[in-house]
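Working through the structure, step by step
Residue strings, one per chain:
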Amino acid sequence: MNTCPVLKRARAVAALVGLVAVSGGCTPQTRAARVPEQDLTPFEQLVRQWTREYRFRRTTGGSDLVSSQGAIVERPTHEEHLILEATLFSDTLVAADIARICEYDSSGTRCDSIGIAYRARHQIPEQFRIELAALANLSTPFRLEPLTIYLTDEDGIDYEPRRKIFSTPVTAQRTYLDREVTRYDPYTSWEYQVYQYIAGYEFQSTGRATLYFDRVNIIGKDLLGPGAKLTLKFRQNRTELGKITWDLDAIRAGSAAR
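Residues numbered from 1 in each chain as written. Predicted model: local features only at pLDDT ≥ 70, side-chain atom pairs only at ≥ 80, totals over all residues. Heavy atoms only, no water.

Of regular secondary structure, the chain possesses five helices and ten strands. A burial count over the chain gives 40% of its 258 residues as buried. Considering only residue pairs separated by 6 or more positions, the chain has 69% of its internal contacts joining residues 24 or more positions apart. Approximately 15300 Å² of the chain is accessible, and the part contributed by carbon and sulfur atoms is 52%. (Helix = DSSP H or I, 4+ residues; strand = E, 2+ residues; numbered from the N terminus. Buried < 20%, exposed > 50% of the residue type's maximum accessible area, 1.4 Å probe, protein only. Contact = heavy atoms within 4.5 Å. Areas by Shrake-Rupley, 256 points an atom, 1.4 Å probe, with all protein chains shown as cover.)

A few words now on the pattern of salt bridges. Taken as a whole, this structure holds 17 salt bridges when the rule is applied. The salt bridge involving D112 is made with R110; its shortest N-O contact spans 3.1 Å. Overall, R110 belongs to the exposed group, its relative accessible area being 56%. Overlapping salt bridges bring together D97, R100, R129 and E131 as one network. (Salt bridge = Lys/Arg side-chain N within 4 Å of Asp/Glu carboxyl O.)

The next thing to look at is the sheet that holds strand β5 (residues 158-159). Read from one edge to the other, the open sheet built from four strands follows the order β5-β4-β9-β10, with strand pairing classed as antiparallel. Strands at the two margins of the open sheet, each flanked by one partner only, are β5 and β10 (239-247). Of the strand pairs in this sheet, strand β9 (residues 229-236) and β10 are connected by eight bridges, and their pairing is antiparallel. The partner of F234 across the bridge, within β10, is G242. (Pairing = 2+ DSSP bridges.)

Our next topic: the state of the cysteines. By the definition in use, this model includes one disulfide. Across a sulfur-sulfur distance of 2.1 Å, C102 and C111 are joined as a disulfide pair. The chirality of the disulfide connecting C102 with C111 is right-handed, given an S-S dihedral of about 90°. Note on C111: relative accessible area 40%, which makes it partly exposed. (Disulfide = S-S within 2.5 Å.)

For helix α3 (residues 91-104), built from 14 residues, the straight-helix expectation of 20 Å at 1.5 Å per residue is met to within 8% by its first-to-last C-alpha distance of 20 Å. Of the residues making up α3, those classed as buried are L93, V94, D97, I98, I101 and C102. (Expected span 1.5 Å × (residues − 1).)

By size, the foremost hydrophobic cluster in this structure holds 43 residues, and its most contacted members are L84, I130, L132, F142, L232 and W246. Here this core takes six residues from strand β3 (residues 127-138), the largest share from any one element. Once you skip the residues sitting within four places of it in the chain, W246 turns out to touch W50, T51, R52, A86, T87, L88, I130, A228, K229, L230, L232 and I251. (Core = buried A, V, L, I, M, F, W, Y, C linked by side-chain atoms within 4.5 Å.)

Time to look at the pairing of β3. Remember that side chains alternate between the two faces of the sheet whenever the strand is regular. Across the twelve residues of β3, twelve count as buried, placing the element largely inside the fold. One ladder, built from twelve bridges, connects β3 with strand β8 (residues 192-214); its direction is antiparallel. Across the sheet, residue A133 finds its bridge partner in β8, namely R208.

What follows concerns the environment of T60. Within the secondary structure, T60 is located in strand β1 (residues 51-66). For the pair T60 and H78, spaced 18 residues apart in the sequence, the C-alpha separation amounts to 5.3 Å. Contact partners of T60, with chain neighbours within four places excluded, come to P76, T77, H78 and E80.

A residue-level look at the chain finds 80% of positions with pLDDT of 70 or above and a mean pLDDT of 83. Note on residues 1-32: pLDDT under 50 across the span, and 46 contacts to partners over four residues away in sequence or across chains. (pLDDT = per-residue confidence, 0-100.)

A few words now on the packing of aromatic side chains. Both the distance between ring centres and the angle between the ring planes are used here to describe each pair of aromatic rings. For the structure shown, the criterion picks out one aromatic pair. Ring geometry for F128 against F213: centres 5.8 Å apart, planes inclined by 25°, an arrangement best described as stacked. Here F213 lies in strand β8 and F128 lies in strand β3, a separation of 85 residues in the sequence. Each member of the pair F128 and F213 is classed as buried. (Phe/Tyr/Trp six-rings, centres within 6.5 Å; stacked < 30°, edge-to-face > 60°.)

With that out of the way, let us pick up the pairing of β9. Note: strand β4 (residues 148-152) against β9, five bridges, orientation antiparallel. Looking across to β9, one finds that Y150 is bridged to K233.

Laid out in structure tokens, this is it:
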């Protein structure tokens, strides 16, 4: 029995919506080594222009720490780090993302139908989104979901996300065995060393999230309009964990100069 054209088209659009849902956006996963600019596609270059990072590093341990007993303790050195990467989906990036999906679509769906499904899913133009990726190596597991995350504009006004979608975080625990050396009587000829082994734990965590914000605020201001500067802030237990800032005019000017 022949399927009617309307039903075929409806199924194609439904399949497209599923494709967009599975893709979860186009923000690249946080990575230790950045891909050279010349090796990126034009779309990937545009994503990079609208992506900003926050990086935290802390070294713990070290040698020659004088204890209260006058001994010198040589503790192993460990590095903790946290990388937060955020991509702001401007109008330019949204248009490029739709064009990319149209290029790779094999269902025969018209590009205007793809654009309609994409905009409906992300509630464009009423809202805009920021996609997050996190990579952490810390003494405790790290998750994006418990954080307080909000935007601040160039006038100092704060905005909470209208919607938040978090992926399931992935955490791998690693046990390590350190050798701690204590050098007694370091200022005399009677110095000697004592070794002991200490077990420790560190957690490598990754996570992703998509945050949706109202594009126009209560007084009618377009948050992505000319002169906009937006800062995404992360707070944990009332303490600022980090922040990421976009100067939208500067990014647009850089894109136009290419």
